[in-house]
Every structure is written in structure tokens, then in C-alpha cells.
Amino acid sequence: MAPNDHPVFIDHVLHQITTTNNIRDLNHVLKNGLARETKEAVLASSLSSGQDPLTVLDVQVNTLGVLYILSARVSGSSSAHPPWGIVQEFCRRFNPEHARLAPDRITKLAKGIQRMATHYGNPSSAITPLSDLVTRYPPNGSYLTTIHPIFLLTCVTTRNFLPTLPVLAQFITNVDTSISPDLHYTDNLAYHYTGGVALAALKRWREAEEYFEICVTSPGTYPAALQMEALKKLRLVQLISTGKISNLPKYTHPLLIRLFKNTSYQVFINAYPHNVDHMREIYEKERSSFTQDKNMGLLNQAIARAPRWVLKKLTATYVTLHLSDIGRAIRIEDEDEVRALLLSMIEANDISAQISAEGTVTFSDPLPQFTKAQVDTVLKDVQEQTALLASLEQQVGRSKDFLSKAAKPSDPEWAHTAEEEIFGNLTAQHGMWDENVYS
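The rules behind the values
Residues numbered from 1 in each chain as written. Predicted model: local features only at pLDDT ≥ 70, side-chain atom pairs only at ≥ 80, totals over all residues. Heavy atoms only, no water. Helix = DSSP H or I, 4+ residues; strand = E, 2+ residues; numbered from the N terminus. Buried < 20%, exposed > 50% of the residue type's maximum accessible area, 1.4 Å probe, protein only. Areas by Shrake-Rupley, 256 points an atom, 1.4 Å probe, with all protein chains shown as cover. Patch = residues over 30% accessible without salt bridge, like charges linked within 9 Å, V, L, I, M, F, W, Y side chains within 5 Å. Salt bridge = Lys/Arg side-chain N within 4 Å of Asp/Glu carboxyl O. Pairing = 2+ DSSP bridges. Core = buried A, V, L, I, M, F, W, Y, C linked by side-chain atoms within 4.5 Å. Contact = heavy atoms within 4.5 Å. pLDDT = per-residue confidence, 0-100. Axes fitted to C-alpha atoms, helices over the stretch in contact; angles between N-to-C directions. Polar contact = N/O pair within 3.5 Å; in protein donor to acceptor, adjacent residues only side chain to side chain. Parallel < 35°, antiparallel > 145°, perpendicular 65-115°, else oblique. Left-handed = near helix turned anticlockwise from the far one by under 90°. Nonpolar A, V, L, I, M, F, W, Y, C, P; charged D, E, K, R; others polar. Lys, Arg positive; Asp, Glu negative; His and termini not counted. Charge placed at Lys NZ, Arg CZ, Asp CG, Glu CD. Phe/Tyr/Trp six-rings, centres within 6.5 Å; stacked < 30°, edge-to-face > 60°. Lys NZ or Arg CZ within 6 Å of the ring centre and 35° of its normal.

Asker: Where do I start with the overall build of the chain in this structure?
Answerer: Within the chain, the regular secondary structure consists of 24 helices and 5 strands. Here the chain holds 439 residues, and 40% of them are scored as buried. Surface summary for the chain: the accessible area is close to 24800 Å², and the carbon and sulfur share equals 53%.

See the structure below:
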């Protein structure tokens, strides 16, 4: 803990934290009531009694006060670092509504947790408290905060990819500068880029493709360097996943597309998957560049899966082929290896085929398959849409404007019938009918 240089001041701060009933007034005092030059030192100091102020405060009741003190302590010198258990308890139990009054301190805390864990030689230990912060601080998982890229970067650099999945399962659709005023355009790029890296490492190719594409297509005056790196990985992920690249959305920055066309990645894509010799030539020639981009793993997987996509294209041309013919086409001599590749593709539903005992392969169009869960989901959607349409129809039917227009005669020679005269008189005497009659 820091030397006891400011005992009176920290005691005064503690008194304010424990006695102020208005949380916004307390935030104003903690934010503006201390001199900027000594503020962090005061917050990081101990009480006049030598006691740690964090042991006096309750995390839930005194969230704001603990946040100010804790963020100062984790960002200061190692002598001021708080016990790790207090850091974990705060992230697990803090009051989100109170913490949102000091968003800059939340960012400071997240960065400090990452640095503190690295300082003690265990960067992975920051994952759990950062995960609690990133899931509990925003109103819901659709909000992007400054914690998101810090959390993902910690997971990726320590190769702990699984903890990212609950966060990445929810797409970002909201940005609120009141809860993250220091959020920048680059935070969005960094979050989606590192999210794509984590998902690609877990071989969740389709999801990784979505995250890389969001990074690549994020609007900006000029394309960022990180967007080019995301585009390189996006193209390789697409080759691994489907054997071909997909068109980018029209709102992608055109300069980014032009710059990519002049890279060795585009040359590799042009050779993929048929021209194996050219692919390997590019691989060897540009090895240092690919290594620097940290894309060797993706390239190796793309090359390894090239025979798979050559074989899949054969199914569009041929109905039957022998294993030896397939082996020549995909440049694999061992028929057992060809058979194993076919079986893996059949199991993955990449193709539909049967292999006879003589080694003849018969291709067929895959039959549509639906799980019970998929059928239940479709039925539920249909029921919801039916209920919605019925509700809308009922609302329109109750509308006075609709009823007046529906009752307005379009034929000038139209005349009231006897029954209509009766109902008209009843309406005039008793007013409009109950609007809930059809409910």
C-alpha cells in the first residue's frame, strides 16, 4: 500500500463516501473536489489509522466510492495495489447504475486490472474480473463499451478463447456515450477484429467471418490499418469455410478493396483451390510477410482444405467417379486418404455421396434435413406472426376512420335497408359499441 502521506484527506474522502445520501452529489465531490495534481495519490493512500479504506466500504452500498479508490490503486505503483480478492469482489458485486455515473473510472479500472495482472506475471487472471465488468456494466450485451476491446485483447493474447463466447454471442447494436464517453472509432474496430480472431481460433468460421466483415466495413473517411488486417483474415477464413470468397457489401471503402488487390493474398486467392503448385510457390515466397501478419495458421488450414473444395466442385459435374479418379483430380495418390476425405465431407454435410465396396463414388443432391428444434422455431415464428396479423386486423377494424370510410357509400344510388336503419337508430341512441366487443 502507498505510504500514509495524506491521512486527513483520505479520511475526509471516506467520510464523504459513507455519509452522502445523494449519489450524484458524491460523484461531483469525488470527481471535482480533489486537486488534479494530488487526486490519484490521495485516493490510493491509507487511512490515518493505517487501515485500508477498501476494507471499510461495502462494494454494493458504496460502489461509487470503491470505484474511485480501486481504479486509482490498480493504476498506481505496485505498492498501492489492492488485494486481488477485493478487485474480483468489486467486479462481481458492484452496482452498475452507480458505476455508470463515473464511466471514465470504469475504463481506468479495466486498464488497471489488465496491467496489474501482467505485472504479477499472470495476465490470464484478469479475464474473470474483466468478464464480470463487461457483462454487468452496460445496460445489456448489445452496448459497446471501452471494456469490450480490453477484455477481448486479454483473452486473445493469453489464448483463452472460450471465455469470449458469451460476450461475442451478442452482436453490438448500441453505442451510448453517456456510459462510455471515451469510446473511440478504433475501439469498435479493435473489438470486432479481436472477436474474429478468437472465433477463428475456435474454428467457428461463419461467426469469425461476420466479425471480421463488421470491422472491414465500418465506415470511415479513410480505411484503417486494422481494417486491412481484418480483410486479410476475412478472405482466408472464407477460403477455409467455403472454398471461395464472397462479395463485400457496397458500402465497403473502395480504397481498401483496391489496396487489397495489390497484396499477395489476392494472388493466393486467384490460385485457390485448383492451382496447388502456384499456391505453395506464393506461400514460400511470401512466408515472411504472412508470418509478420500472423496468418500462417490460417494459410496452412486453407491449403490443407483445398482438396476438399476441388472435390466438392466435381459433384457439380459428375454423378459417379472412382476413388482413383478423384485422387488424380485432387492430387492425392492414396485411395484410403481420398476415402477418409470423402467420409469427413459426408459427415460434415458438405456433400451427399455413397461409396461402394469397389471404390465407386456416387454423388447425389443432399436431402433437406431439419431438426426438431428448427421445426419448432419455424412453427413458433408462424404462430407469432399470425397473432400479430390478427392483432393488427383487430386494431384496424376498431379504427373509427376505417369504419367511417368503410361505411361511406360509394354508389350515389345506394340506400339504407330496413335493417341498417334499425342499427343506425340504435347507434344514434346508445353511442358507439364497446370497442372490446371483438377482443
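Asker: I'm lost on a nonpolar patch on the surface in this one. Help?
Answerer: Taken together, the side chains of Phe370, Val375 and Leu379 define a hydrophobic patch exposed on the protein surface, amounting to about 320 Å² of accessible area. Position of Phe370 relative to the elements: it lies in the loop between strand 5 (360-364) and helix 22 (372-398). Using a relative accessible area of 64% as the deciding quantity, one classes Phe370 as exposed.

Asker: Would you take a moment to explain unusual backbone geometry for this structure?
Answerer: At the junction of Tyr272 and Pro273, the peptide bond is cis and its omega measures out at -5° in the coordinates. As for its position among the elements, Pro273 is in the loop between helix 15 (264-271) and helix 16 (276-285). With phi around 60°, Arg159 is a residue other than glycine that occupies positive phi space. Locating Arg159 in the fold gives a position in the loop between helix 9 (147-157) and helix 10 (165-168). Positive phi outside glycine occurs at Arg331, with the angle close to 65°.

Asker: How should the pairing of strand 4 (residues 352-355) be read in this particular structure?
Answerer: A regular strand carries its side chains on alternate faces of the sheet. Bridge count for strand 4 against strand 5 is 4 bridges, and the pairing is antiparallel. Within strand 5, the position partnered with Ser352 by the bridge is Ser364. Between the antiparallel neighbours strand 4 and strand 5 lie 4 residues, among them Gly359 with a positive phi of about 95°.

Asker: Help me understand the pattern of salt bridges in this model?
Answerer: A side chain of one charge can pair with a side chain of the opposite charge if their charged atoms are brought near each other. Under the criterion given, the structure shown has 11 salt bridges. In this structure, a network of salt bridges that share partners links the residues Glu229, Lys232 and Asp293.

Asker: Explanation requested: the nonpolar core in the structure shown.
Answerer: Nonpolar side chains tend toward joint burial in soluble globular proteins. Within the largest apolar cluster, 96 residues are counted, with the highest numbers of intra-cluster contacts made by Phe90, Leu133, Phe212 and Phe268. Ignoring any residue separated from it by four or fewer positions in sequence, one finds Leu133 in contact with Cys91, Phe94, Ile106, Leu109, Ala110, Ile113, Pro138 and Ile147. Within the second largest apolar cluster, 16 residues are counted, among which are Leu341, Met345, Ile351 and Ala353.

Asker: Looking at this model, I keep getting lost on the confidence of the model for the chain. Mind explaining?
Answerer: Do not read the predicted coordinates in detail wherever pLDDT is low. Here the chain averages 87 in pLDDT, while 88% of its residues score no lower than 70. Long-range and interchain partners of residues 1-8, a stretch whose pLDDT sits below 50, account for 19 contacts in this model, where long-range means more than four residues apart. Note that residues 411-439 has pLDDT below 50 and, in this model, 12 contacts with residues that lie over four places away or in other chains.

Asker: Whenever I open this one, the sheet that holds strand 3 (residues 320-322) confuses me. Can you help?
Answerer: Two pairing modes exist for strands in a sheet, parallel and antiparallel, and in both the strands are linked by backbone hydrogen bonds. On the basis of which strands lie adjacent, the open sheet formed by 3 strands has the order 3-5-4 and antiparallel pairing. Both edges of this open sheet fall to strand 3 and strand 4, since each of them pairs with a single strand only. In this sheet, adjacent strand axes meet at a mean angle of 25° when their direction is disregarded. Both strand 3 and strand 5 contribute to a ladder of 3 bridges, which runs antiparallel. Bridged to His322 within strand 5 is Thr360. Contacts between helix 21 (residues 335-347) and the sheet are confined to strand 3, strand 4 and strand 5, with strand 4 contributing the most and set at about 140° to the helix.

Asker: What am I meant to see in the side chain of Arg73 here?
Answerer: Mapping Arg73 onto the fold places it in helix 4 (residues 63-75). One polar contact links the side chain of Arg73 to the main-chain carbonyl oxygen of Ala80, over a distance of 2.5 Å.

Asker: Sorry if this is basic, but what is going on with the packing of helix 4 against helix 5 (residues 84-93) here?
Answerer: For any two helices packed against each other, one specifies the crossing angle of their axes together with the interaxial distance. Close contact between helix 4 and helix 5 brings their axes to 11 Å; oriented N to C, the two are set at 140°. Comparing the axis directions of helix 4 and helix 5 gives the class oblique. Handedness of the helix 4/helix 5 crossing: left-handed. Here Thr63, Val66, Leu67, Leu70 and Val74 of helix 4 come into contact with helix 5, specifically with Ile86, Val87 and Phe90. Partitioned by chemical class, the residues of the contact of helix 4 with helix 5 number 7 nonpolar, 1 polar and no charged.

Asker: For this particular structure, what's the right way to read a negative patch on the surface?
Answerer: Where like charges cluster on the molecular surface, the negative patch consists of Glu333, Asp334, Glu335, Asp336 and Glu337. By relative accessible area, which is 42% here, Asp334 ends up partly exposed.

Asker: Please explain the environment of Arg339 as it appears in this structure.
Answerer: Within the secondary structure layout, Arg339 lies in helix 21. Given a relative accessible area of 28%, Arg339 falls into the partly exposed group. When the C-alpha atoms of Arg339 and Gly359 are compared, they prove to be 8.4 Å apart, with 20 residues separating the residues in sequence. Setting aside residues no more than four positions away along its own chain, Arg339 makes contact with Leu323, Ile355 and Ser356.

Asker: Where do I start with the packing of aromatic side chains in this structure?
Answerer: To describe a pair of aromatic rings, one takes the distance between the centres and the angle between the planes. Under the counting rule described, the total for this entry stands at 6 aromatic pairs. For the ring pair Phe171 and Tyr211, a centre distance of 5.5 Å and an interplane angle of 25° mean the geometry is stacked. With Phe171 in the loop between helix 10 and strand 2 (174-175) and Tyr211 in helix 12 (residues 205-217), the pair connects residues that are 40 residues apart, well separated along the chain. Relative accessible area serves as the criterion here: at 36%, Phe171 is assigned to the partly exposed category. Assessed through its relative accessible area of 1%, Tyr211 is described here as buried. Judged by centre distance (5.9 Å) and plane angle (35°), the ring pair of Phe268 and Tyr272 falls under tilted. The ring of Phe94 carries Arg136 above its face, with NZ or CZ at 4.6 Å from the centroid.

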